[in-house]
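Observations on the three-dimensional arrangement
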Number of protein chains: 6
Amino acid sequence: MYYNDPKLQYPVRVDKPNPLFAKALQQAIGGIEGEIRVCMQYFFQAWGMRGPKKYRDMLLATATEELGHIEMLATAVALNLEDAPLSLQEEVSADPVGGAILNGMNMRHILSSGLAAMPVDASGVPFDMSHIYASGNGAADMLANVTAESTGRALAVRLYNMTDDPGMKDMLQFLIARDTMHQNQWMAAIEDMGGIAEALPIPNSHPQDEENREFSYAFLGFDKDGAQPVQGRWSSGTSFDGKGEFTSRPMQPLGEEPDLGLARPKSG
Amino acid sequence: MYYNDPKLQYPVRVDKPNPLFAKALQQAIGGIEGEIRVCMQYFFQAWGMRGPKKYRDMLLATATEELGHIEMLATAVALNLEDAPLSLQEEVSADPVGGAILNGMNMRHILSSGLAAMPVDASGVPFDMSHIYASGNGAADMLANVTAESTGRALAVRLYNMTDDPGMKDMLQFLIARDTMHQNQWMAAIEDMGGIAEALPIPNSHPQDEENREFSYAFLGFDKDGAQPVQGRWSSGTSFDGKGEFTSRPMQPLGEEPDLGLARPKSG
Amino acid sequence: MYYNDPKLQYPVRVDKPNPLFAKALQQAIGGIEGEIRVCMQYFFQAWGMRGPKKYRDMLLATATEELGHIEMLATAVALNLEDAPLSLQEEVSADPVGGAILNGMNMRHILSSGLAAMPVDASGVPFDMSHIYASGNGAADMLANVTAESTGRALAVRLYNMTDDPGMKDMLQFLIARDTMHQNQWMAAIEDMGGIAEALPIPNSHPQDEENREFSYAFLGFDKDGAQPVQGRWSSGTSFDGKGEFTSRPMQPLGEEPDLGLARPKSG
Amino acid sequence: MYYNDPKLQYPVRVDKPNPLFAKALQQAIGGIEGEIRVCMQYFFQAWGMRGPKKYRDMLLATATEELGHIEMLATAVALNLEDAPLSLQEEVSADPVGGAILNGMNMRHILSSGLAAMPVDASGVPFDMSHIYASGNGAADMLANVTAESTGRALAVRLYNMTDDPGMKDMLQFLIARDTMHQNQWMAAIEDMGGIAEALPIPNSHPQDEENREFSYAFLGFDKDGAQPVQGRWSSGTSFDGKGEFTSRPMQPLGEEPDLGLARPKSG
Amino acid sequence: MYYNDPKLQYPVRVDKPNPLFAKALQQAIGGIEGEIRVCMQYFFQAWGMRGPKKYRDMLLATATEELGHIEMLATAVALNLEDAPLSLQEEVSADPVGGAILNGMNMRHILSSGLAAMPVDASGVPFDMSHIYASGNGAADMLANVTAESTGRALAVRLYNMTDDPGMKDMLQFLIARDTMHQNQWMAAIEDMGGIAEALPIPNSHPQDEENREFSYAFLGFDKDGAQPVQGRWSSGTSFDGKGEFTSRPMQPLGEEPDLGLARPKSG
Amino acid sequence: MYYNDPKLQYPVRVDKPNPLFAKALQQAIGGIEGEIRVCMQYFFQAWGMRGPKKYRDMLLATATEELGHIEMLATAVALNLEDAPLSLQEEVSADPVGGAILNGMNMRHILSSGLAAMPVDASGVPFDMSHIYASGNGAADMLANVTAESTGRALAVRLYNMTDDPGMKDMLQFLIARDTMHQNQWMAAIEDMGGIAEALPIPNSHPQDEENREFSYAFLGFDKDGAQPVQGRWSSGTSFDGKGEFTSRPMQPLGEEPDLGLARPKSG
Ligand SMILES: [Ca+2]
Ligand SMILES: [Ca+2]
Ligand SMILES: [Ca+2]
Ligand SMILES: [Ca+2]
Ligand SMILES: [Ca+2]
Ligand SMILES: [Ca+2]
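Residues numbered from 1 in each chain as written. Chains lettered and ligands numbered in written order. Predicted model: local features only at pLDDT ≥ 70, side-chain atom pairs only at ≥ 80, totals over all residues. Heavy atoms only, no water.

Moving on, we come to the coordination of the calcium ion (ligand 5). Residue and element names in this part refer to chain E. Taken together, Glu 35 (OE), Glu 35 (OE), Glu 66 (OE) and His 69 (ND1) make up the full set of protein donors to the calcium ion (ligand 5), lying 2.2 to 2.8 Å away. Sequence positions of the donors to the calcium ion (ligand 5) reduce to the motif E-x30-E-x2-H. Of this pair, Glu 35 sits in helix H2 (residues 35-47) while Glu 66 sits in helix H3 (residues 53-80), and the two are 31 residues apart along the sequence. Of the two residues, Glu 35 and Glu 66, both sit in the buried class. (Donors = N, O, S within 2.8 Å, 3.2 Å for Na, K, Ca; no water. Helix = DSSP H or I, 4+ residues; strand = E, 2+ residues; numbered from the N terminus. Buried < 20%, exposed > 50% of the residue type's maximum accessible area, 1.4 Å probe, protein only.)

Turning to the domain arrangement of chain A, a few remarks are in order. The domains assigned to chain A are domain 1 (19-197) and domain 2 (207-250). A straight line from the C-alpha centre of domain 1 of chain A to that of domain 2 of chain A covers 37 Å. (Domains from an automatic or database assignment.)

By a simple turn and slide, chain F fits onto chain B: the slide is 0.0 Å along the axis, the RMSD is 0.0 Å, and the turn is 180°. Look at the turn and shift together and you get a two-fold axis relating the two. Comparing interface residues between copies, 100% of those in chain F also sit at the interface in chain B, which points to an isologous, same-surface contact. (Least-squares fit on C-alpha atoms with pLDDT ≥ 70 in both. Contact = heavy atoms within 4.5 Å.)

Further remarks concern the packing of aromatic side chains. Each aromatic ring pair is described using two quantities: the centre-to-centre distance and the angle formed by the ring planes. Counted according to the given criterion, the structure contains 48 aromatic pairs over all chains. Connected via pairs of aromatic rings, a cluster forms that spans Tyr 2, Phe 43, Phe 44 and Trp 47 of chain A. Over the ring of Tyr 3 of chain C we find Lys 224 of chain D, and its NZ or CZ is 4.9 Å from the ring centre. (Phe/Tyr/Trp six-rings, centres within 6.5 Å; stacked < 30°, edge-to-face > 60°. Lys NZ or Arg CZ within 6 Å of the ring centre and 35° of its normal.)

Moving on, we come to the packing of helix H7 (residues 138-162) of chain C against helix H8 (residues 166-192) of chain C. Residues and elements named next belong to chain C. It is at 9 Å that the axes of H7 and H8 come closest, and there the two elements cross at 160°. Classified by the interaxial angle, the pair formed by H7 and H8 is roughly antiparallel. Relative to H8, H7 is oriented so that their crossing is left-handed. (Axes fitted to C-alpha atoms, helices over the stretch in contact; angles between N-to-C directions. Parallel < 35°, antiparallel > 145°, perpendicular 65-115°, else oblique. Left-handed = near helix turned anticlockwise from the far one by under 90°.)

Next up on the list: the sheet that holds strand E2 (residues 218-221) of chain E. Within the open sheet, the three strands sit side by side as E2-E4-E3 (chain E). Their pairing is mixed. Bordering the open sheet on either side are E2 and strand E3 (237-238) of chain E, each of which pairs with just one other strand. Sheet analysis places E2 of chain E next to strand E4 (residues 245-250) of chain E, joined by four bridges and oriented parallel. Along E4 of chain E, the bridge assignment pairs Phe 219 of chain E with Ser 248 of chain E. Across the sheet, helix H8 (residues 166-192) of chain F lies against E2 and E4 of chain E, angled at about 90° from E2 of chain E, the strand it touches most. (Pairing = 2+ DSSP bridges.)

Here we come to the interface of chain B and chain A. Listed as interface residues are 100 residues of chain B and, on the opposing side, 100 residues of chain A. In total, about 8,800 Å² of surface goes out of reach between chain B and chain A, with carbon and sulfur atoms giving 66% of it. The three residues of chain B that bury the most area against chain A are Tyr 133, Trp 234 and Arg 264 of chain B, which together make up 7% of that side's buried surface. Where chain B meets chain A, there are four salt bridges. Linking chain B with chain A are 58 residue pairs in polar contact (both at pLDDT 80 or more). Counting only elements with at least two residues in the side of chain B that touches chain A, the list comes to helix H3 (53-80), helix H7 (138-162), helix H8 (166-192) and strand E2 (218-221) of chain B. By residue number, the principal contributor to the side of chain B that touches chain A is H8 of chain B, which donates 15 residues. Of the residues assigned to the side of chain B that touches chain A, the class counts are 51 nonpolar, 26 polar and 23 charged. (Buried area = accessible area lost by both parts, 1.4 Å probe. Salt bridge = Lys/Arg side-chain N within 4 Å of Asp/Glu carboxyl O. Polar contact = N/O pair within 3.5 Å; in protein donor to acceptor, adjacent residues only side chain to side chain. Nonpolar A, V, L, I, M, F, W, Y, C, P; charged D, E, K, R; others polar.)

Moving on, we come to the pairing of strand E4 (residues 245-250) of chain F. Residue and element names in this part refer to chain F. Sheet topology places strand E3 (residues 237-238) next to E4; two bridges connect them, and they run antiparallel. From the neighbouring strand, Gly 237 faces E4, where its bridge partner is Phe 246. Between E3 and the antiparallel strand that follows it, E4, lie six residues; Gly 242 among them carries a positive phi value of about 75°.

When four donors bind a metal tetrahedrally, each ideal donor-metal-donor angle is 109.5 degrees, and when six bind octahedrally, the ideal angles are 90 or 180 degrees. Protein-derived ligands of the calcium ion (ligand 1) are Glu 35 of chain A (OE), Glu 35 of chain A (OE), Glu 66 of chain A (OE) and His 69 of chain A (ND1), with the metal-ligand distances lying across 2.2 to 2.8 Å. Binding-site remark: the calcium ion (ligand 1) is held by donors from one chain whose sequence spacing is E-x30-E-x2-H.

Once that is clear, we can look at helix H1 (residues 19-30) of chain B. Residue and element names in this part refer to chain B. Taking 1.5 Å of rise per residue, the twelve residues of H1 would be expected to cover 16 Å, and the 17 Å separating its terminal C-alpha atoms lies within 8% of that figure. With twelve of its twelve residues buried, H1 lies for the most part within the structure. Along H1, the residues classified as buried are Pro 19, Leu 20, Phe 21, Ala 22, Lys 23, Ala 24, Leu 25, Gln 26, Gln 27, Ala 28, Ile 29 and Gly 30. (Expected span 1.5 Å × (residues − 1).)

Attention now moves to unusual backbone geometry. Along the chain, Ile 202 of chain B connects to Pro 203 of chain B via a cis peptide bond; the corresponding omega equals -5°. Inspection of the secondary structure assignment puts Pro 203 of chain B in the loop between helix H9 (196-199) and E2. A positive phi angle, close to 65°, is found at Leu 115 of chain E, a residue other than glycine. Along the chain, Leu 115 of chain E turns up in the loop between helix H6 (108-111) and helix H7 (138-162). Classification of Leu 115 of chain E as buried rests on a relative accessible area of 3%. A positive phi angle is found at Lys 266 of chain F, which is not glycine, with a value near 65°. Note on Lys 266 of chain F: relative accessible area 57%, which makes it exposed.

What follows is the structure, encoded as structure tokens:
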């Protein structure tokens, strides 16, 4: 069960409202790198957790925090829309800067939301919940979370570099710090579960002698000329998971050309 | 540029066609854990790669392999549909087992594709390219790839456990092995780039003194009663990235209740 | 900002796990009539509210409650999946009842989520955030909320009628009661704002002499034979909003046939 | 069955073509507040209507009208695109106003449709038919219709305020008037069915002694500090439906912390 | 502008209701091969038509017909749902045939629509308007229409083969006949515009000396071994459009390996 | 199985990077007229082909080519983003041309992809795999391919007309030529199968005496006034398929008004 406090987790201040930046901030709300995604991802992982209670607790704590981040960003979007133009009237479009604002902003901030945030990305595409990764495998889910926080922090840094509004920079410095923590937190959870090398190959509950081990640590090349594939850490030496030795070679087809036969009568 | 060979990368054989398993296999084609996703993800990462050429080469090699995996699975789906029923006629529905097949299979395998694979998941939902994660940040992208291969291998193992068809088990043993390699490969690439601890916080090009360091390594609790949050590897000791010390504490709101003022005239 | 308590708002108990009912319950999580929708809708309305603080407070309270309803239903789905079959093996499909379970359930509960809830509907279609109605107009939003709770309660009643599991019936009796309250609550909010008749036509801030009043209260017929349209409360008497008199008549086209001219050169 | 007349329901005239306004108008075609939505919603409600024939007739009449509204708006979009620029050539982008047009307009109006309307919203997102609300419950559907016309009229008013083109203003005055009527019409239909208070809680066919009445009229608070929730029309007095008394109180969890046990072997 | 007649274009009769066939019929309503698609495609093509009025008239006529086809199919779905089971009660699931119905039908026909049609396909995926092909190029659009009617007729034939209900077979014989006509009609329209060979390459308004003619009629092979590509009508002789001679050869890359340089500072 | 060569099929050169043109080019990658679509469409048709091997071979060859076209366009997008602005700083927005770039470009090229291509269209909408038309009917699929190449070439021509960058014009002249070939190629395949007239009505395996032949070649009018429908090649003379005679007439409803009865108890 959940509770609220009307106050924000961290102050949100906009010194100079900018509707174009409001559009950019939408990526951090409804984008695949955004806060709705991590919030709902952590909640669904928690609600489906079959394992030690501590991971469920941790997921719930951070999911709850992320809900407050959506709130902060939604507030930031609304504040950036304060002085947005509402019309295309000639006097405005004669002014290139005014015109620029109308051209660049998300028109649905005027037409659909009444100058408030929406659960869409910077292109106006609604967030779609298929991006909630919750597989029931703890290690896979923690990795999905590090990934989400990595693209999330990259996005927050790009937003930080895009603006020179002091209030927005202050808010983003907080959100970037939280992304730093959350990347570390999910990696720490993997350590807590035994470490990343131990976890691989995910799911590590599946006996590796039921996979085709000839191909388990082979880096395969598909070069047209049959050349040896590009070498690196991945082509020789002990595998990352410590359970095999990397090799490399060009691939040749092992199967035949498939033949599906003719279409059946009445199959249209 | 690309080339093809009509032969399959690995043999695909179905001993006893099963339309219900054809539906399940669709998840590995058009699901978010599936082969279209990794194929297109690696291609887009390669095509946008701004960095050492070796990573582009490696991405292209594996993307090209994944295209062949979609082909193998599409062949497997078509073979599993060989004897699928095409009608609801009374004699069939009087037979509960026959009825079960019609009930359980994806009807669009009859209605839309003519007994062939489609780029949809096990629920029939078409794959949507928003799942192609390619951020332009190398470490973030490699992590996204490990994540994709983790859910991919979990899926392949679940499919393996679901069937007892020897041909299908053989094919899945190969695909599971390749997922083992690919998980290792992307982690090895991160090592090649300097290692995961070094890479964090992603993007590590952003100076950490421009984030709000008070919150960079703090595990925050949001317990209703203000209790200390759940402890673990994430709440004390050196952070995973080695750049800070984990702390933990309950969170209090630092911001105020937002006040957006009244709606503007003519904003509707 | 938000807080959590690991306890559920109301007890969730499943006496006889049923994977088919797990699939049905997904509609109440990720369906357009479901709890993610109302939760996020009330949050976005609150976060964008430009008006008296009390409405923001009320929206936040109920949004927070709805988050707990998603949690209850996610728990119910996981519990209903406890004994779900994981394979298609012959011994199972020889048993028509066992086969029925495999045929009827959402296979992604096995393949994708590890026997847990997902943010999808009963057909497996992911929830899409375009369904979050938050227009910035208070009366429109309250009406959208009554509508959401109406389809939500209809869904909960249908689920209640579908199951005979005592635990599930008990949980649904609670959720149905909350939908009763929430329907009343949003209508009461409209009363608090002045009443529904007063609110109409939404937005009532737009001066009605800037609409084409000849058509503001006319019920128009489009019968092929030019017949008078069907009569009812909507065709005569004072309009619902009290600001006009209903009339009715068959419509005739008032415009001309459009002529867009020829395609421009180089327009392709 | 249906018929057409090549003439428009109401004249559509554009005095000064504006590609940016064409983009805005798309929201009224393919947006969730738009005409495709109401058209298809009323048709599907009519085609599935199980109840007195007069409601089916009314729904068919208005659905048929809405089809003509899509046509009017599609014509308006095409006319606004008459002089749209087709190239990015230097001389154009050196001109800030010309550049502004290219920047602000929907490029797919050039690239995909040949200067004509598309079934997309102002962000270019295609309309998705999940927004067709047709529940089979008459009162729920009528409420969904009032809601649709409310956001529809808010949108039309915002478009009206955005333009100063006399032809467009004239067309929008007509469409706004029709939205006025349709809001009144669906509320009148609810009156015709017995009135909104009587209809609540929807579906009113479900016996209220099969819901958990302790919670049917209670406004619950989720304040972190256990404070009494915000008071208003919704917290005391007779409920809107006249079937209970509003109360209010802070909520405490009544359920326990869920325990899903450990993951099953072979569940991946 | 449009008109309606409450009668159906052709009789719709269901002799033995079958909820599984109701699910199958949904493909013809909300599938990409279905009637919503052709209806809206022809309307949008008509509304954007810049060319001889007769094509607009023809498109409007057939679009209007297709609206009546959606209506027929929606009626057929509702009639097939007449006796659908509403509960999972034990006595039903003990009966494998009853269980089969519950397992195979679209549960949202019970949960969401009240036993009526929805704008979704046979998998329950909502129709998405991006499938409305209307390019502004007459020949391209007519070809898109033949294509739509081809998949539409294939679907109708598959539905016809699937059922043995005399009423449904009669309805489908009518719809199949209309698809026959519509395929012929759009091809006839292309003849009316000058013929398909003349129309190619679409758009034929673009001067062919502004394309790279070396590649305009060459069938290129991408065989791994550099083999000559498969021969047929497409590899030699006069091209279909009569404007060139087919040739064939294996392709070699003409470009270089791309080098995008390093990522820019501050690009994240 | 597939192979790669790091070189491009044809040179890609951008003389003057233009982020707005990068946005336009996205339509040719992730738009419904774009290269992902044809690539995946031809692959899925090939992988499901039940018929003479030569068609499978041809499909594989061209699918493989299209993969290289996505690569070329992705390279072109990245090159057009070379100098894109990364911030909204005041000095930039004071400059109307600089402002125009920020306003017009796809912000996700900065925020999400790190100045690289994404699988989205010019509006930023992700490509959705429901657009892969592969019906299992050869003639239907070939027609779908001509259609795809028609809208593809129309798009490429519009992009060609939009730019004056010599490198981009050169690349587009190549892609336009390939679309010319591919339109001819798929029509040639239909000839190879017996010709388009022979193929119609698709599927031609369905016996025409099982359709309602009264309506198989009748052009029906739906004019409100019962007028004769517009005449043309489609209303008289031998049908395009040579299997009937076109006629024309106004349509009258042949069915009755449907009556679905009352809602069932407990259906909500
Ligand atoms: Ca966050
Ligand atoms: Ca793979
Ligand atoms: Ca609820
Ligand atoms: Ca309207
Ligand atoms: Ca039709
Ligand atoms: Ca191409």
